[in-house]
Amino acid sequence: MDYKKAGVDIEAGYKSVELMKKYVTGTMRPEVLGGLGGFSGAFSLSKIKEMEEPVLLSGTDGCGTKVKLAIIMDRHDTIGIDAVAMCVNDIACAGGEPLFFLDYIACGKNYPEKIAQIVKGVAEGCVQSEAALIGGETAEHPGLMPEEDYDLAGFAVGVCDKKDMITGENLKAGDVLIGMASTGVHSNGFSLVRKVFEKEMTREGLNTYYDQLGKTLGEALLTPTRIYVKALKSIRQAGVAVKACCHITGGGFYENVPRMLREGTRAVIRKDSYQVPAVFRLLAERGDIAEEMMYNTYNMGIGMIVAVDKAEAEKAMEAIKAAGDTPYVIGAVEEGEKGVTLC
């Protein structure tokens, strides 16, 4: 009896590391010390010393049951972008710059080529957010998970000067709310998605082309979460002060928007200020999901919201466009009970 006969292939683990090295290398930053394969990732803090009062920010998350679609479609090179996005978007939302990322892959069986494809996506997410991929773990769980299954999660660390943190404390009535377009469902609400499209949860079903989507159902649903790090950095570099910021994740508008507000302020968002993507309309129709529940579960086409002074709104819009994102003026801040009104 040996470890391999018990279900854990150490040699496959070694091969996975070798295959992923070329992707990890592309994420390196000057602050990274050492290479892949150590017991811990090392990152120099020399540049942080230049800040007046550096604050470390952290975020950890996974991709939820969106991973199941990747498994069904046998396409694993984009799900890693989602894992990175869910972590770094939260850090950027607080005013931080993501520094480094670590991933954790739990699998029923280590298929080196599959693991390398997953890490390829993680590396792409790190490149998009300018974070270094400095470590990770791939753990085989024979008997706990089916051989073809896996789960993916991650952890990111970022930094910002305390004076540059986005806290919402200066938010006032009249401030403009700018929403940035999402790429689709992102990584939230997939348990409901899979229930609605239960009959299509096969490779054949997900490869079905839908005219209203302009692509297959699987392509639309597996589209990676948008990373907004560069857009927020562009706003900052344009000299615009972001007073408050909100990442629209699980819980949609009703749960997340109030988190960006201070007491005595209310966000008023116009639902007709932008076009809701076709994937959400299809989801609502097929699942007979009430509009309020859609906005309470999904991003509905807006992945990130920033609040800026009305006088700086146009400047902020141009900065967002310069970063490659699509902005919309979706509403404003008013005095009132803390919360959000969708009208």
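Located above this text is the structure these notes cover.
Attention here is on the structure that accompanies the text.

Rules used in this analysis
- Residues numbered from 1 in each chain as written.
- Predicted model: local features only at pLDDT ≥ 70, side-chain atom pairs only at ≥ 80, totals over all residues.
- Heavy atoms only, no water.
- Buried < 20%, exposed > 50% of the residue type's maximum accessible area, 1.4 Å probe, protein only.
- Helix = DSSP H or I, 4+ residues; strand = E, 2+ residues; numbered from the N terminus.
- Contact = heavy atoms within 4.5 Å.
- Phe/Tyr/Trp six-rings, centres within 6.5 Å; stacked < 30°, edge-to-face > 60°.
- Pairing = 2+ DSSP bridges.
- Axes fitted to C-alpha atoms, helices over the stretch in contact; angles between N-to-C directions.

With 7 of its 8 residues buried, helix H2 (residues 66-73) lies for the most part within the structure. Regarding H2, the residues found buried are Lys66, Val67, Leu69, Ala70, Ile71, Ile72 and Met73. Structurally, H2 contributes buried residues whose contacts are with helix H3 (79-93), strand E6 (150-161), helix H5 (190-196), helix H6 (203-206) and helix H7 (217-222). Downstream of H2 by one or two residues, Asp74 has phi in the positive range, about 55 degrees.

Turning our attention to the packing of aromatic side chains. Counted under the stated rule, the structure contains 4 aromatic pairs. Relative to Phe100, the ring of Phe43 has its centre 5.2 Å away and its plane inclined at 45 degrees; by these criteria the two rings are tilted. In this pair, Phe43 sits in strand E2 (residues 42-43) while Phe100 sits in strand E4 (residues 97-107), placing the two residues 57 residues apart along the sequence. A relative accessible area of 13% places Phe43 in the buried class.

Strand order in the open sheet formed by 6 strands is E10-E12-E7-E13-E11-E14, with mixed pairing between adjacent strands. Each having just a single partner strand, strand E10 (244-247) and strand E14 (339-342) make up the two edges of the open sheet. Across the sheet, the axes of successive neighbouring strands diverge by a mean angle of 25 degrees, strand direction being ignored. Bridge count for E10 against strand E12 (residues 302-308) is 4 bridges, and the pairing is antiparallel. Bridging from a neighbouring strand, Cys246 pairs with Ile305 of E12. The strands that H3 touches are E10 and E12; relative to E10, the one it contacts most, it runs at about 170 degrees.

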